[in-house]
Amino acid sequence: MVDPAVITGVCAGVLALIAFLYGIFRKFTRVSWLSWQVLIVFAATLLVGVIPVPDAAWGAFAVAAGILVVPSAVLLIIGGAVRHAMLKRVRPAPLFFRVCSRLLGGLTAVLNVAVFLLVFALPVLTALPLFGVQPEALSFLYESAVWDWAAAHALDLFTAAGCVVFMRAGYRIGLARSLWTVIAVLLSVVALALSVVLALRVPFLVQFAGTISAALPASLGVFAGVIGTAVVALLCFLVLFAVVLLLNLLVNQLMKKIVVNPVLGAIDGVLMSVVFTALFFALSCGIGLGIAYLSANAAALPVGEQLVPVLSAIEGLLTSSPLSAVLYLGNPALLLL
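Let me begin by describing the structure that accompanies this report. (Residues numbered from 1 in each chain as written. Predicted model: local features only at pLDDT ≥ 70, side-chain atom pairs only at ≥ 80, totals over all residues. Heavy atoms only, no water.)

## Details of the nonpolar core
(1) Moving on: Counting 33 residues, the largest nonpolar core has Leu68 and Trp147 as the members making the most contacts within it.
(2) Moving on: Put simply, the parts of the chain that give this core at least two residues each are helix H2 (34-45), helix H3 (57-87), helix H4 (95-130), helix H6 (147-201), helix H9 (262-297) and helix H11 (322-329).
(3) Moving on: Of all the elements, H6 adds the most residues to this core, at 9 residues.
(4) Moving on: With sequence-adjacent residues up to four places away left out, Leu68 is seen in contact with Val41, Thr45, Thr159, Ala160, Cys163, Phe280, Phe281, Leu323 and Leu327. (Core = buried A, V, L, I, M, F, W, Y, C linked by side-chain atoms within 4.5 Å. Buried < 20%, exposed > 50% of the residue type's maximum accessible area, 1.4 Å probe, protein only. Helix = DSSP H or I, 4+ residues; strand = E, 2+ residues; numbered from the N terminus. Contact = heavy atoms within 4.5 Å.)

## Some details on the packing of H2 against H4
(1) Moving on: At their nearest, the axes of H2 and H4 sit 8 Å apart, and the two run at 55 degrees to each other. Taken together, the axes of H2 and H4 are oblique relative to one another. On the side of H2, the interface is formed by Leu34, Ser35, Trp36, Val38 and Leu39, while H4 contributes Thr108, Leu111, Asn112 and Val115.
(2) Moving on: Classifying every residue of the contact of H2 with H4 by side-chain character gives 6 nonpolar, 3 polar and no charged. (Axes fitted to C-alpha atoms, helices over the stretch in contact; angles between N-to-C directions. Parallel < 35°, antiparallel > 145°, perpendicular 65-115°, else oblique. Nonpolar A, V, L, I, M, F, W, Y, C, P; charged D, E, K, R; others polar.)

## A few points about the side chain of Arg168
(1) Moving on: Here Arg168 lies in helix H6.
(2) Moving on: By relative accessible area, which is 17% here, Arg168 ends up buried.
(3) Moving on: If we ignore the near neighbours within four places in the chain, the residues touching Arg168 are Ser32, Leu34, Gln37 and Leu76.

## Looking at unusual backbone geometry
(1) Moving on: Non-glycine residue Lys27 carries a positive phi angle of around 75 degrees.
(2) Moving on: Inspection of the secondary structure puts Lys27 in the loop between helix H1 (4-26) and H2.
(3) Moving on: For Lys27, a relative accessible area of 32% corresponds to the partly exposed category.

## Side note on the side chain of Ser35
(1) Moving on: Tracing the backbone through its elements, the reader meets Ser35 in helix H2.
(2) Moving on: Within the structure, Ser35 has its side chain in polar contact with the side chain of Asn112 (distance 2.5 Å). (Polar contact = N/O pair within 3.5 Å; in protein donor to acceptor, adjacent residues only side chain to side chain.)

## A few points about H2
Residue pairs three or four apart in sequence face the same way in an α-helix, which turns once every 3.6 residues.
(1) Moving on: Look at H2: 17 Å from first C-alpha to last across 12 residues, which is about the 16 Å you get at 1.5 Å a residue.
(2) Moving on: Those residues of H2 not exposed but buried are Ser35, Gln37, Val38, Val41, Phe42, Ala44 and Thr45. (Expected span 1.5 Å × (residues − 1).)

## Overview of the layout of surface pockets
(1) Moving on: When its volume is computed, the second largest pocket comes out at roughly 700 Å³.
(2) Moving on: Around the second largest pocket, the lining comprises 20 residues; the ones closest to its centre are Leu76, Ile77, Gly80, Arg168 and Tyr171.
(3) Moving on: Listing elements by their share of the lining of the second largest pocket, those giving two or more residues are H3, H6 and H9.
(4) Moving on: Among the elements that make up the lining of the second largest pocket, the one with the highest residue count is H3 (9 residues).
(5) Moving on: Of the residues in the lining of the second largest pocket, the class split is 11 nonpolar, 6 polar and 3 charged. (1 Å grid on protein atoms, 1.4 Å probe; cavity = no way out; pocket = protein on both sides within 12 Å on 5 of 7 lines; lining within 4 Å. Points joined across faces, edges and corners; volume = space filled by probe spheres on them.)

None of this, on its own, says anything about what the molecule does.
In structure tokens form, the structure reads like this:
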């Protein structure tokens, strides 16, 4: 039997080679620097264990938000200025700098892929043991020397990446696109909520979820019902989300015809960057509030007995990293409860 670690290593090597060749072709000036920015902001999140955090909800949340926002804004401003200066060079650079640009482009492209995979994979891998799932094929990972540290900071990496991406997106999209993006996100959230309601309330969908649950292994116990309902909700969401995507495609085609003055575009970008950053924290607070509310009222829900262990595992994940724990436990929206 082939060692899973060997298969993982081969796949990672092939993917890294493809990314490296792409970066060499694009050069450092044309490759996204997002991975460097995410890693630096993530390094700033390690200050949570150094900087004292107030006990009050607003104070704790403000400190955590500042640790994310300040380095993100500084990095994006410096990165934009440096890239603009590099692209404005008229004379060709010396051979040494051109070679360095190619190599740095390749390394940055590899890092972009690695960070992208880590941002999504680490929280999932951290969540699996919390849900009582720990595949034997991943034992080499969970038994490694660095896993305890990685699991303790996985959600902070995800949070740092989310803050940087939202801030960048606000600047790049601009006012008109930002307004539509907010609407599209809200439509997606509505589609997700409606999918859950349909999966829990519509009789034939409830029966379908029961059929799926019955087909799952008995070892899953109460999680089988949750998985069945989640699968049905996901199918409903995919249908509704397809409609949102089609509408988004139509609106984006119309947006391409709009010409914006460069100065007004820069002002637009800064303002929308602020709006998108606020949206990021509003979503974080809303999700935290929803999970806390469900945890407090799970017993009264139709599938409350099945939701209790799931919500407990989700709360364990949200508090598994220092910064994310501060954002969840110090969420000002929790005062509404």
